[in-house]
Amino acid sequence: MKPHNSEHNTTQNNSNWYSKSIQELFVIFNSDKSGISEQEINTLLLKYGKNEIVEEKKESVVKLFLEQFKSLLILILIVAAIVSALIGQPIEALAIIIIVILAGILGFVQEFQAGKAIESLKKMAAPHATVIRDGIEKIILSSDLIPGDVITVKTGDKIPADARLIEANNLKTDEASLTGESLSIEKNSLVLQNKDIPLGDRLNMLFMGTSVTYGRGKAIVVNTGMSTEFGKIAALLQSTENRRTPLQINLDQLGKKIGIYAIVIAGLMSLLGVIRGHDLIEMFIWGVALAVAIIPEALPAVVTISIALGVRRMVKKKALIRKLPAVETLGSTNIICSDKTGTLTQDEMTIREIFSLSNHYFVTGGGYNPEGEFSVDNKKINPLEDEDLKLLLMMGSLCNDTLLKENDHKWEIIGDPTEGAIIVAAAKAGLDVDKFQSAIKREYEIPFSSESKRMTTVNNFASQGYYSISKGAIEILLSSCKSYLKNGIIYDYTDEIGELIKLKADEMGKKALRVLVIAYKKLDSLVMDDSVQDNLVFAGIVGMIDPPRPEAKKAIKVCETAGIKPIMITGDHEVTAVAVAKELGIMKLGGSISGIKLEKMTDEEFEKTVDNTEVYARISPSHKLKIVNALMKRGNIVAMTGDGVNDAPSLKKADIGVAMGIKGTDVSREAADMILTDDNFASIVAAVEEGRGIFQNIRKYLIYLLGGNFGTVLAMIVALLFALPIPLQAVQILFINFLMDGLIAIALGVEPAEAGLMKKKPRNVKEGILNTQAIWYIGTVGFLIAFVTMGIFIFYHNIGASDKKVETVFFVTLILSRIFNGLNCRSLEVPTFQMNFFSNKPLYLSIFASLVLTVLVIYVDIFSAAFRTVELSFGDWSLAFLSSVLVLIVVEIFKYGKLKLTNKNN
């Protein structure tokens, strides 16, 4: 053999193998139909490397775990725990440490699982390959394949590498995992002239990781390992960084600010206390306690619990969350990029229209459920009384290898979706398909092939004789028709009739209907050769489509009111995609782009059009990533759905990746943040609503906590500035912190989502968790709590009550004020009295527990000594209650007035 050609020595990046002849490829790879010589294998393996997906070196598990504790809030909490332990508060210290460890474990698990996408990709590669070397066919490990190897494939085989077909015998492959194309692809060995052909249209190519669904073939390997289309996706996955969620960014920023504020405020107030004559050590411990109280150490727990409960609710809505922060991200999503087949559509081919020279019929019903009606000119008909229609459906069902079955109350087909659509239409018409298929024996068959684009059977109709039946592409079958059926009479075929049929087919095509011709002829006797396909009678054409999901239509309407833009990204043809998008209501601005056009656009050119584009068709993996990048650069929060290997990089890159649970690949599921267990677009929208509710609860928690903390700190500042006794001891501060930051705050995190969330626009992630409204609320409530508590403190101080009693009354009033503020924070807009009282039972249990613990601290001697409290009379409690309930009344009046004003303006 000649020395191996240098054209392919260093790289395998040529993606135009489909445009080269077989002979050119043999020259490039120094190969032929007998394959590569065994003598060259070791040398070539060293040159090209193993045919494997290479995974980058991973971080160690220990390092990955320790990195979870780098945030400033976590570090401050660790310091706070140490200080709490030193000042004799082991329970507080233990609680903080447990929260910190749980948060670290949660982050570790999420990042560890994210690395599994590449492993899943590797599993999809075929373990063995059938190869021809030195003219001998043998089975080898697929990892030992090299460019130039000649491989053979047959039905059921997984393709071991990217290869150019040499021979194709009725060969079909399933490329859904790579291209998103829902139907099997017919392959051939013809040269493709155009050099800008999308992946899904490279009909003479086989791709690693896809599978053979029918037929057999022989091909020459052109790309292996990381140079295959699968390898390119793996490289994209490894180079695509996980983007931090808006919630994670906001929490980090907020944690830093709160931590700094807490330390500064506690330090200044301790210094002021020392200046006022208080003991230095006492003020240091007091300042540390105040700092611990200000820091919302339960924030990670509240976030985790809120999201975990939301996740549990979302499972019931067919959405499974893999990464908890993704739930909140859903709530701020303003763009959903969705695949078409199976997510927006039912993935069940359905006949919508039937045309014969007698009538133009319309068929209702979607999917494989054999229920629907036939109509002509908007008038319902009985299809069994229309002989031409009945004959057409019968013929289509006999020239057919697909079965319709009911399994667990769900109708499904066994076989080809296109053939299944014909069987279902016949069943809708009332034909007993199983019965006449059994009765009318098939004597001969010419199977469908990619070259012939037709299937023909010869059937024995017993006393009526033999009939030849054909179904296939219109451009093929019409040329075989010499007559046509109309109202039960057969007429000679004319050019005018041919033009009419083509016109009707074009009309169906513009509606994205896949058109199939059905024709037949009566035979004088049993004939078993190609002549049975000549001189046919045109019976009619059927127009079918994968119909939109009804619930997806409703969900898209919800998206409109919720300020969310749905975008269709599909491997299907542009005409089909646009038609389905219009029917669903996605197509508003009229913008669609094909993969070929997108390929020619620069990033700058594309970014100018991305806001007005709603449909992307014939899209490749790199295109999807380009689309997601452009949308995110425009400041959008993007959810990307997908089911194939080709979707994995964009699922990982998007703010939230949504994989399909039924038809999705392991690779897409591992790369995603969320998995749809029903593959339904409507489930995404339901998840968005849940995400909005979760973020709302986290915001409520922070507003509640920071408002109470601000009021507490403000009251302390007033006391120190006016040389009054310090209202709270360090131990009392920590006790209130335990009640408010623990029990009640966490209970607020489980408040059910409020009605009307999907009638609002997505929140602006730039404004953070605490927006202007939240800051005003915190300030107002803080001043109100400080006014109430300091008012009663000064009153008792002025009437000469003991310091311990003054402190105890202040202590009780502050607890009650913050409890009432907890009731306020159940909703920041709807008055509490208008809400379902029992919708948040944990909150009322927490309030009850807080009151019981407060009573124990005051009336049980061992606790009252530790917490420096004294017993209060009924009158003291009444005054504390009447003062603190003002917090509830004032805020509720404000909310009620604001709600009335909003309703009036609307």
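Residues numbered from 1 in each chain as written. Predicted model: local features only at pLDDT ≥ 70, side-chain atom pairs only at ≥ 80, totals over all residues. Heavy atoms only, no water.

## Describing the overall build of the chain
Heads up, the condition is: In this text, helices come from DSSP runs of H or I with a minimum length of four residues, and strands from runs of E with a minimum of two, each type numbered from the N-terminal end. Using a 1.4 Å probe on the protein chains alone, a residue whose accessible area is under 20% of its type maximum counts as buried, one over 50% counts as exposed, and one in between counts as partly exposed. Any two residues whose heavy atoms approach within 4.5 Å at even a single point are treated as in contact. Each accessible area is a Shrake-Rupley result for a 1.4 Å probe, and residues are judged covered by the shown protein chains and nothing else.
The secondary structure content of the chain amounts to 31 helices and 28 strands. A buried classification covers 57% of the 906 residues belonging to the chain. Once local pairs closer than 6 in sequence are excluded, the contacts in the chain between residues at least 24 apart make up 72%. Carbon and sulfur atoms provide 59% of the accessible area of the chain, an area that totals close to 38600 Å².

## Observations concerning helix 17 (residues 495-510)
How we decide: Expected helix span is taken as 1.5 Å per residue step, with the number of steps being one fewer than the number of residues.
Spanning 16 residues, helix 17 covers 22 Å between terminal C-alpha atoms, matching the ideal 22 Å at 1.5 Å per step. Considering only its buried residues, helix 17 is in contact with strand 10 (350-355), strand 11 (360-363), helix 16 (474-477), strand 19 (481-486), strand 21 (514-523) and strand 22 (536-545). Where helix 17 ends, the next residue or the one after it, Ala512, has phi of about 65°, a positive value.

## With respect to helix 25 (residues 681-721)
Note the threshold: We call two N or O atoms a polar contact when they sit within 3.5 Å, provided that within protein one can donate a hydrogen and the other can accept it, with sequence-adjacent residues counted only if both atoms are side-chain atoms.
Spanning 41 residues, helix 25 covers 60 Å between terminal C-alpha atoms, matching the ideal 60 Å at 1.5 Å per step. Among the 41 residues in helix 25, 34 count as buried, and that is most of the element. Structurally, the start of helix 25 carries an N-cap: the backbone nitrogen of Ala682 is 3.0 Å from a side-chain oxygen of Asn680. Note on helix 25: the residue one or two positions beyond its end, Ala723, has a positive phi of about 55°.

## Points about the sheet that holds strand 28 (residues 674-676)
Applicable threshold: If DSSP finds at least two bridges between two strands, the strands pair. Inter-axis angles, ranging from 0 to 180 degrees, are taken between N-to-C directions of lines fitted to C-alpha atoms, where helices are fitted over the stretch in contact.
Strand order in the open sheet formed by eight strands is 8-28-27-26-9-23-25-24, and the pairing between neighbours is mixed. Each end of this open sheet is capped by a strand with a single partner; those strands are strand 8 (319-321) and strand 24 (592-594). Each neighbouring strand pair of the sheet contributes to a mean axis angle of 20°, computed without reference to strand direction. Pairing analysis gives three bridges linking strand 9 (residues 335-338) to strand 26 (residues 638-642), with the strands arranged parallel. Note on strand 26: the bridge partner recorded for Cys337 is Met640. Sitting on the sheet, helix 19 (residues 574-584) touches strand 23 (565-569), strand 24 and strand 25 (615-617), and the angle it makes with strand 25 is about 155°.

## Re unusual backbone geometry
Even without glycine at this site, Asp134 takes up a positive phi of about 55°. Structurally, Asp134 can be placed in the loop between strand 1 (128-133) and strand 2 (136-141). A relative accessible area of 42% places Asp134 in the partly exposed class. Residue Asp679 is not a glycine yet carries a positive backbone phi of 55°. With respect to the helices and strands, Asp679 occurs in the loop between strand 28 and helix 25.

## Digging into the side chain of Lys471
Looking at the secondary structure, you find Lys471 in strand 18 (residues 466-472). For Lys471, a relative accessible area of 6% translates into the label buried. Reaching out from Lys471, the side chain makes a polar contact with the backbone oxygen of Cys399 at a distance of 2.8 Å. In this structure the side chain of Lys471 is engaged in a polar contact, spanning 2.8 Å, whose partner is the side chain of Glu419. Sequence-distant contacts of Lys471, defined by excluding residues within four places in its chain, comprise Cys399, Asn400, Glu419, Ile422, Arg454, Met455, Leu477, Leu516, Val517 and Ile518.

## Examining the packing of aromatic side chains
Here the distance between the centres and the angle between the planes together describe a pair of aromatic rings. For clarity, the threshold we go by: What counts as a ring pair is set by centres within 6.5 Å for rings of Phe, Tyr and Trp (its six-membered ring), and what kind of pair is set by the plane angle: stacked under 30 degrees, edge-to-face over 60, tilted for all other angles. Only Lys NZ and Arg CZ are tested; either one counts as a charge over a ring when it is within 6 Å of the ring centre and within 35 degrees of the ring normal.
For the structure on display, the rule yields twelve aromatic pairs. The interplanar angle of 80° and the centroid separation of 5.7 Å between the aromatic rings of Phe793 and Phe810 together place this pair among those described as edge-to-face. Placement of the pair is Phe793 in helix 27 (residues 772-798) and Phe810 in helix 28 (residues 803-824), with a sequence separation of 17 residues. According to the relative accessible area criterion, Phe810 is buried, its value standing at 0%. For the ring pair Phe820 and Phe881, a centre distance of 5.5 Å and an interplane angle of 70° mean the geometry is edge-to-face. Placement of Phe820 in helix 28 and of Phe881 in helix 31 (residues 874-905) is noted, with a sequence separation of 61 residues between them. For Phe881, a relative accessible area of 40% translates into the label partly exposed. Feature note: the residues Phe461, Tyr467 and Tyr520 constitute an aromatic cluster, connected by ring pairs. In this structure, Arg763 packs its charged tip against the face of Phe695, placed 3.7 Å from the ring centre.

## Some details on the packing of helix 28 against helix 29 (residues 841-859)
Rules: Angles are sorted into four bins: roughly parallel if under 35 degrees, roughly antiparallel if over 145, roughly perpendicular if 65 to 115, and oblique for all others. Following the grouping adopted for this structure description, the nonpolar residues are Ala, Val, Leu, Ile, Met, Phe, Trp, Tyr, Cys and Pro, the charged ones are Asp, Glu, Lys and Arg, and the polar ones are all others, Gly among them.
As a packed pair, helix 28 and helix 29 sit with axes 11 Å apart at the nearest point and diverge in direction by 180°. Between helix 28 and helix 29, the crossing angle belongs to the class labelled roughly antiparallel. Of the residues in helix 29, those touching helix 28 at Thr808, Phe811, Val812, Ile815, Leu816, Ile819, Gly822 and Leu823 are Leu843, Tyr844, Ile847, Ser850, Leu851, Thr854, Val857 and Ile858. Among the residues forming the contact of helix 28 with helix 29, the class breakdown is twelve nonpolar, four polar and no charged.

## Concerning the environment of Ser21
As for its position among the elements, Ser21 is in the segment before helix 1 (22-28). A relative accessible area of 25% places Ser21 in the partly exposed class. Separated by 169 residues in the primary sequence, Ser21 and Leu190 place their C-alpha atoms 8.2 Å from one another. When residues no more than four places from it in sequence are discounted, the contact partners of Ser21 are Arg164 and Val191.

## Side note on the pairing of strand 11
In this sheet, strand 11 lies alongside strand 10 in antiparallel orientation, the contact comprising three bridges. Bridging across to strand 11, Glu353 finds its partner in Phe362. Linking two consecutive strands that pair antiparallel, namely strand 10 and strand 11, is a turn of four residues. The sheet contact formed by strand 11 and strand 12 (residues 374-376) spans two bridges and is antiparallel. Directly across from Phe362, in strand 12, lies its bridge partner Ser375.

## A word on the environment of Met283
Within the fold, Met283 resides in helix 10 (residues 280-294). Along the primary structure Met283 and Gly267 are separated by 16 residues, whereas in three dimensions their C-alpha atoms are 9.3 Å apart.

## Here we look at the pattern of salt bridges
This is how the line gets drawn: Within this document, salt bridges are pairs made up of a side-chain nitrogen of Lys or Arg and a carboxyl oxygen of Asp or Glu, the two lying within 4 Å of each other.
The tally for this structure, following the rule as stated, stands at 27 salt bridges. Between Asp157 and Lys154 there is a salt bridge, with the nearest N and O atoms lying 3.7 Å from each other. Overall, Lys154 belongs to the partly exposed group, its relative accessible area being 47%. The salt bridge involving Glu445 is made with Arg442; its shortest N-O contact spans 3.1 Å. Overall, Glu445 belongs to the partly exposed group, its relative accessible area being 32%. For Arg442, a relative accessible area of 26% puts it in the partly exposed group. One salt-bridge network, in which partners are shared between bridges, spans Arg202, Glu229 and Lys232.

## Regarding a nonpolar patch on the surface
We apply this condition: Patch membership requires more than 30% relative accessible area and the absence of a salt bridge. Residues of like charge join within 9 Å; the nonpolar side chains Val, Leu, Ile, Met, Phe, Trp and Tyr join within 5 Å.
Taken together, Phe848, Val852, Leu856, Val860, Ile862 and Phe863 make up a surface patch of nonpolar side chains, about 530 Å² in accessible area. Among the elements that take part in the nonpolar patch, helix 29 stands out by supplying three residues, more than any other. Here Ile862 shows up in helix 30 (residues 861-867).

## Some words on the packing of helix 25 against helix 28
Put simply, the rule reads: Helix crossings are classified by the rotation of the near helix relative to the far one: an anticlockwise turn of less than a right angle makes the crossing left-handed, while a clockwise turn makes it right-handed.
Axis separation between helix 25 and helix 28 bottoms out at 10 Å; the angle between their running directions is 155°. Taken together, the axis directions place helix 25 and helix 28 in an arrangement best described as roughly antiparallel. Between helix 25 and helix 28 lies a crossing of right-handed hand. Across the interface between the two elements, Tyr704, Leu705, Gly708, Asn709, Thr712 and Ala715 from helix 25 touch Phe810, Leu814, Arg818, Asn821 and Gly822 from helix 28. Residues that form the contact of helix 25 with helix 28 fall into these classes: five nonpolar, five polar and one charged.

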